[in-house]
Amino acid sequence: MVDRAVAFCPGHISGYFRRVKGTSVQTTGSIGAGIVISAGVEATVVPADQPQVQVREVDRAGSCSTVLTASPPIAYVMDRLEVTAAVTTVCTFPIGAGFGLSAAALLSATAALNVLYDLGLSTHQVTALAHEAEIVHQTGLGDVAACQGGGLVCREGPGPDGTITRLQDLMAGSLCAVTFGPLPTPAVLKSGPAMAAVEAAFPARCPDSLVDFFHLSRQFAEHSGLITPEVRHALSLCDRAGVPASMTMLGNGVFALGDSAVEVLSAVGEPFHLEIASGGFSIQEHVS
Ligand SMILES: Nc1ncnc2c1ncn2[C@@H]1O[C@H](COP(=O)(O)OP(=O)(O)O)[C@@H](O)[C@H]1O
Ligand SMILES: CC(C)(COP(=O)(O)O)[C@@H](O)C(=O)O
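My aim in this report is to walk through the structure given alongside it, one point at a time.

Conventions used here
- Residues numbered from 1 in each chain as written.
- Chains lettered and ligands numbered in written order.
- Predicted model: local features only at pLDDT ≥ 70, side-chain atom pairs only at ≥ 80, totals over all residues.
- Heavy atoms only, no water.
- Near = heavy atom within 4 Å.
- Polar contact = N/O pair within 3.5 Å; in protein donor to acceptor, adjacent residues only side chain to side chain.
- Areas by Shrake-Rupley, 256 points an atom, 1.4 Å probe, with all protein chains shown as cover.
- 1 Å grid on protein atoms, 1.4 Å probe; cavity = no way out; pocket = protein on both sides within 12 Å on 5 of 7 lines; lining within 4 Å.
- Sits in = over half its atoms within 2 Å of the grid points.
- Nonpolar A, V, L, I, M, F, W, Y, C, P; charged D, E, K, R; others polar.
- Domains from an automatic or database assignment.
- Salt bridge = Lys/Arg side-chain N within 4 Å of Asp/Glu carboxyl O.
- Helix = DSSP H or I, 4+ residues; strand = E, 2+ residues; numbered from the N terminus.
- Buried < 20%, exposed > 50% of the residue type's maximum accessible area, 1.4 Å probe, protein only.
- Arc of directions from axis to C-beta.
- Contact = heavy atoms within 4.5 Å.
- Disulfide = S-S within 2.5 Å.
- Patch = residues over 30% accessible without salt bridge, like charges linked within 9 Å, V, L, I, M, F, W, Y side chains within 5 Å.
- Axes fitted to C-alpha atoms, helices over the stretch in contact; angles between N-to-C directions.
- Left-handed = near helix turned anticlockwise from the far one by under 90°.
- Pairing = 2+ DSSP bridges.

### Looking at the site of ligand 2
The local shell around ligand 2 holds 16 residues, among which Ser-14, Ser-30, Leu-141, Asp-143 and Thr-185 are the closest. Backbone polar atom of Thr-139 to an oxygen atom of ligand 2: 3.2 Å apart, as the coordinates give it. Note that an oxygen atom of ligand 2 is positioned 2.8 Å from one of the backbone N or O atoms of Leu-141. Against a free-state accessible area of 370 Å², the protein chains account for coverage of 98% of ligand 2. Comparing atom positions with the cavity grids shows ligand 2 to sit within the largest pocket. Across the shell around ligand 2, the residue classes break down as five nonpolar, nine polar and two charged. A domain-level breakdown of the shell around ligand 2 finds at least three residues from each of domain 1 (4–165 + 276–287) and domain 2 (168–274).

See the structure below:
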C-alpha cells in the first residue's frame, strides 16, 4: 500500500488549433501546434475518505496560496476511477492563462492516483482518461495529447492517438510570456462564432522550425478574432523590435522569442521565462 504519490506534468502553450469532433471522446479534440513548457503542475495524492482537491499557485516571491478548493475535471477522474483521495496540485504559472495547466493537472493527478491505488493503468489509459476529463469539461482540446512528450509539437489528428510530430533540440534562444489575466477556456470553446473564426484562421500545416511556428501562430491569432487590446499592444511592441511573438491560446497573453523579448515585454508586464520541456508527464515519487 502506497501512502502518498507525486507526479508532474509540463504545461503547453498552444500556438494555433482547430477543434475536431470525432465519433468518440478519444477521437475528439483538436489539431494544431504548440510548445510543451517545463513549467507545469505537480500533483500529490494521499488516501482520503472523501474526494478533495486543493489547487495551489506559487507566486514569483515563492509564496504558495490556495487558489481553488475544487476542480471538477479532477473530481471527474476520481469518480471514473472509483477512488477517493486528497489531491493537491501546485503550479508556478497562473491558471487560465493559456499555459495548458488544466491538462497538466489532469495528467499528473491521474498518474499519481494510478500509483497510489496500484490501479495498473497503462500510460495510454492514464492519458486517455485525462483527455476524456478535458473534453467532458471543455477545459481544453489538445493539451493532454501534446503533454505526452516534450518539444515543439504538431498534432495532425485529434486525441492522444492522433498523429503527433515533435521537434526537439531546438536552438530556442530565450522564450518568454506575459499574461494580462485569465481567458476562460470553456467560454471560448462554447462560443459558436469564436470557434468558426478559429476554424477559418487555422493554418493547415506543421511548422518546420520554431521561427516558422511563431509565424504560423501569429497569422492564426491575427485571423482568429481573439486578440484583446492588451495583446494587440504587446504584439505591436514586439513587431517594432523585430521580436517574433504571438498570442497564447487560450489565454489573454503573449509569448515571444529571442534575447530581446524579455526587455520588450517587460514594458507591459512581468515576463515568465519559458523552457521547452524535454519530456511529458512522469511519476516523481511514491512513499509506502
Ligand atoms: N493546476 C490546476 N489544478 C487543478 N485543476 C486545475 C488546474 N488548472 C486548471 N484546472 C481546472 O481546469 C479548469 C479550467 O482551467 P483553464 O482555464 O483551462 O486553465 P489553463 O488555460 O491553464 O489550462 C479550472 O477551472 C480548474 O477546474
Ligand atoms: C487552445 C486549447 C483549446 C485550450 O488551451 P488552454 O486554454 O491552455 O487549456 C488547447 O487545448 C488546444 O487544443 O490547442
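Next comes the rest of the description.
### Quick word on the pattern of salt bridges
Applying the stated criterion across every chain, the model contains eight salt bridges. With a closest N to O distance of 3.8 Å, Arg-18 and Glu-199 form a salt bridge. Of this pair, Arg-18 sits in strand S1 (residues 4–20) while Glu-199 sits in helix H6 (residues 192–201); the two residues are 181 residues apart in sequence, bridging distant segments of the chain. Residue classification places Arg-18 among the partly exposed positions, given a relative accessible area of 24%. Connected through salt bridges with shared partners, the residues Arg-218, Glu-222, Arg-232 and Asp-239 form a single ionic network.

### Things to note about helix H1 (residues 72–81)
Each α-helix winds once per 3.6 residues, and so residues spaced three or four apart point in a common direction. Of all the positions in H1, only Pro-73, Ile-74, Val-77, Met-78 and Leu-81 are classed as buried. Along the axis of H1, the buried residues cluster in a sector spanning 145 degrees; they form a single face. Facing away from the buried side of H1 by more than 90 degrees, the exposed set consists of Pro-72 and Asp-79. Lining the buried residues of H1 we find strand S3 (52–58), strand S5 (85–91), helix H2 (101–116) and helix H3 (123–137). Where H1 terminates, the next one or two residues include Glu-82, which has phi positive at roughly 60 degrees.

### Considerations on the state of the cysteines
Inspection of the entire model under this criterion finds one disulfide. Shown here is the disulfide that connects Cys-154 with Cys-206, its sulfur atoms set 2.0 Å apart. Since a negative S-S torsion denotes a left-handed disulfide, the Cys-154-Cys-206 link at about -85 degrees is left-handed. Remark: Cys-206 occurs in the loop between H6 and helix H7 (210–224) and Cys-154 occurs in strand S6 (residues 152–155); sequence separation between them is 52 residues.

### Description of a nonpolar patch on the surface
On the surface, a nonpolar cluster with roughly 210 Å² of combined accessible area is contributed by Val-67, Leu-68 and Ile-95. With respect to the helices and strands, the residue Val-67 is situated in strand S4 (residues 64–68). The exposure class assigned to Val-67 is partly exposed, which follows from its relative accessible area of 36%.

### So, the packing of H6 against H7
Look at H6 against H7: their axes get within 8 Å of each other, and the N-to-C directions meet at 140 degrees. For H6 against H7, the interelement crossing comes out right-handed. Residue-level inspection shows Ala-197, Val-198 and Ala-201 of H6 in contact with H7, the latter providing Phe-220, His-223 and Ser-224. For the contact of H6 with H7, the per-class residue count stands at four nonpolar, two polar and no charged.

### Re unusual backbone geometry
Omega for the bond connecting Met-249 with Leu-250 falls within 30 degrees of zero, at -10 degrees, which places this linkage in the cis form. With respect to the secondary-structure elements, Leu-250 resides in the loop between strand S9 (245–247) and strand S10 (253–257). Positive phi, normally seen in glycine, also occurs at Asp-118, with a value near 50 degrees. Secondary-structure assignment places Asp-118 in the loop between H2 and H3. In this model, Asp-169 sits at a positive phi of 50 degrees, which is unusual for a non-glycine residue.

### Some details on the site of ligand 1
In the vicinity of ligand 1 there are 17 residues, among which Ser-71, Thr-89, Gly-96, Ser-102 and Thr-139 approach most closely. At 3.1 Å from an oxygen atom of ligand 1 is found a main-chain nitrogen or oxygen belonging to Gly-96. A distance of 2.9 Å is found between an oxygen atom of ligand 1 and a side-chain nitrogen or oxygen belonging to Ser-102. When ligand 1 sits alone it has 550 Å² of accessible area, and the protein chains cover 88% of it. Here ligand 1 is seated within the largest pocket.

### Notes on the sheet that holds strand S11 (residues 272–274)
Strand order in the open sheet formed by four strands is S9-S10-S8-S11, and the pairing between neighbours is antiparallel. Both edges of this open sheet fall to S9 and S11, since each of them pairs with a single strand only. Direction aside, neighbouring strands of the sheet carry axes that sit 25 degrees apart on average. As defined by bridge partners, strand S8 (residues 175–179) adjoins S10 across five bridges and the pair is classed as antiparallel. For Cys-176, the partnering residue across the bridge sits in S10 and is Ala-256. Against the sheet, H7 contacts S8, S9 and S10, and its axis sits at roughly 45 degrees relative to S9. Packed onto the sheet, helix H8 (residues 229–240) meets S9 and S10 and runs at close to 15 degrees relative to S10.

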